[in-house]
Every structure is written in C-alpha cells, then in structure tokens.
Amino acid sequence: MEITAGTLHLRPWRAADAGVVAGALRDPEIRRWATASPGVPDEKAWLADRIEGWADGSSASFAIADSTTGEVLGHIRVRTCGTGTGEVGYWVLPPARGRGVAGHALGAVARWSFACLELSRLDLRHAVANPASCAVARRNGFALARLLTQPSPDGGDELVEMHLHTLAPPA
C-alpha cells in the first residue's frame, strides 16, 4: 500500500532504509518524545517489526518520503487495536522538521485509516511537554480526550503526563 498526498509519498519501509532508520533511532528528539520504550536502537529489528506488522495486519507503517526526490523525511504508523480503533504515532527527521510534514502525513493516514481499515476511531498520544505534537493533532481535527499518566519510556521511575487525542471518521 502506498499513498501519494501532494508533496509526500507514504510507502512501506524497505530493508534499504536501514541507514535512515539507524540515524532516526539515535536522534535525541525522536528518542525524547517516544511514547513507548525504544530499547536499544537496532534498525534491523525495527524494520522487521514494521514489515511484520503489515504481514500480520497489526499495523501499517509508512516511510514518509518527498514525492519528488524520494528522500525519507519521517515515519508514521497506525497500530490496529482489534476493536475497530487504531493508534497513530509518527516522527520526523531533523532536516524536515518545521515544514508541516507530520501534519500532512497525519491527515493522509487518518483518511486512509478510515477508508481502508474501516476504523471507528483513531487515537494519538503524546507527551504533554511536546506542544508541537499537540498542535499537529489539533490541526488535523483530533480532539483532546483526556490526560493520561504512564511510566517513562526510558524505564525510569518517573511518570510522564500524556495527552490522548481522538478522531472519528467524517460523517
């Protein structure tokens, strides 16, 4: 499955993307805002997990690429929860930040999720301390549903406050 949305092309990850993934998994900002423990960065395991998600239907992971050059700009993933709902997460590589990549990809993937996966709701979690992700969610129509507290993704004892945003399909 591939999605072309204006200046972006969303496509499944490939083994050839290992170098891009290795850099992303070591990026301090991506690691800082991860909502799940990133563990030890291993691009091959990360890619295998994304490919397996497509194979078993548990998730749809896309490399966000420039539709003209093919340069990978980021990542977006929808995990299906088995209840007709999904959860979306994303990251953007440093050179592409501040250019609207996350918001544009989120809008395209949300529309695709409702049309092709027939989801009844799409959730998005982010750290309260990450106002950029909050803005991306709001601009795409995700409503703030509630405040959550979860263990720190780095495995420490501290708790992290999270926003849970939700989006329903258009009527």
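As the structure is a computational prediction, the values presented were derived from the model and not from experiment.

**A word on the side chain of arginine 77**
Argument step 1. Relative to the helices and strands, arginine 77 resides in strand S4 (residues 72–80).
Argument step 2. For arginine 77, a relative accessible area of 13% gives the class buried.
Argument step 3. Of note is the side chain of arginine 77, whose polar atom sits 3.3 Å from the side chain of aspartate 49.
Argument step 4. Excluding residues within four positions of it along the chain, arginine 77 makes contact with Asp49, Arg50, Ser59, Ala60, Ser61, Glu87, Val88 and Gly89.

**Things to note about the nonpolar core**
Argument step 1. Ranked by size, the top nonpolar core spans 30 residues in total, and within it Leu10, Phe62, Ile76, Val88, Leu106, Leu122 and Phe142 carry the most contacts.
Argument step 2. Looking at this core, the elements that each hand over two or more residues are strand S1 (3–5), strand S2 (8–11), strand S3 (59–66), S4, strand S5 (85–92), helix H4 (101–116), strand S6 (121–127) and helix H5 (131–139).
Argument step 3. Looking at this core, the element that brings in the most residues is H4, giving 9 residues.
Argument step 4. What isoleucine 76 contacts, discounting residues up to four positions off in sequence, is Leu10, Ala60, Ser61, Phe62, Ile64, Val88, Gly89, Tyr90, Ala105, Leu106 and Val109.

**What to know about the packing of aromatic side chains**
Argument step 1. Per the stated rule, a full pass over the model turns up 6 aromatic pairs.
Argument step 2. Consider the rings of tryptophan 13 and tryptophan 46, whose centres lie 5.2 Å apart with planes at 85°: the pair is edge-to-face. Of this pair, tryptophan 13 sits in the loop between S2 and helix H1 (18–25) while tryptophan 46 sits in helix H3 (residues 43–56), and the two are 33 residues apart along the sequence. The exposure classification of tryptophan 13 matches that of tryptophan 46, with both residues buried.
Argument step 3. With centroids separated by 5.3 Å and ring planes inclined at 90°, the aromatic side chains of tryptophan 54 and phenylalanine 62 adopt a geometry described as edge-to-face.
Argument step 4. An aromatic cluster of three or more residues is present, and its members are Trp13, Trp46 and Trp91.

Conventions adopted
Residues numbered from 1 in each chain as written. Predicted model: local features only at pLDDT ≥ 70, side-chain atom pairs only at ≥ 80, totals over all residues. Heavy atoms only, no water. Helix = DSSP H or I, 4+ residues; strand = E, 2+ residues; numbered from the N terminus. Buried < 20%, exposed > 50% of the residue type's maximum accessible area, 1.4 Å probe, protein only. Polar contact = N/O pair within 3.5 Å; in protein donor to acceptor, adjacent residues only side chain to side chain. Contact = heavy atoms within 4.5 Å. Core = buried A, V, L, I, M, F, W, Y, C linked by side-chain atoms within 4.5 Å. Phe/Tyr/Trp six-rings, centres within 6.5 Å; stacked < 30°, edge-to-face > 60°.

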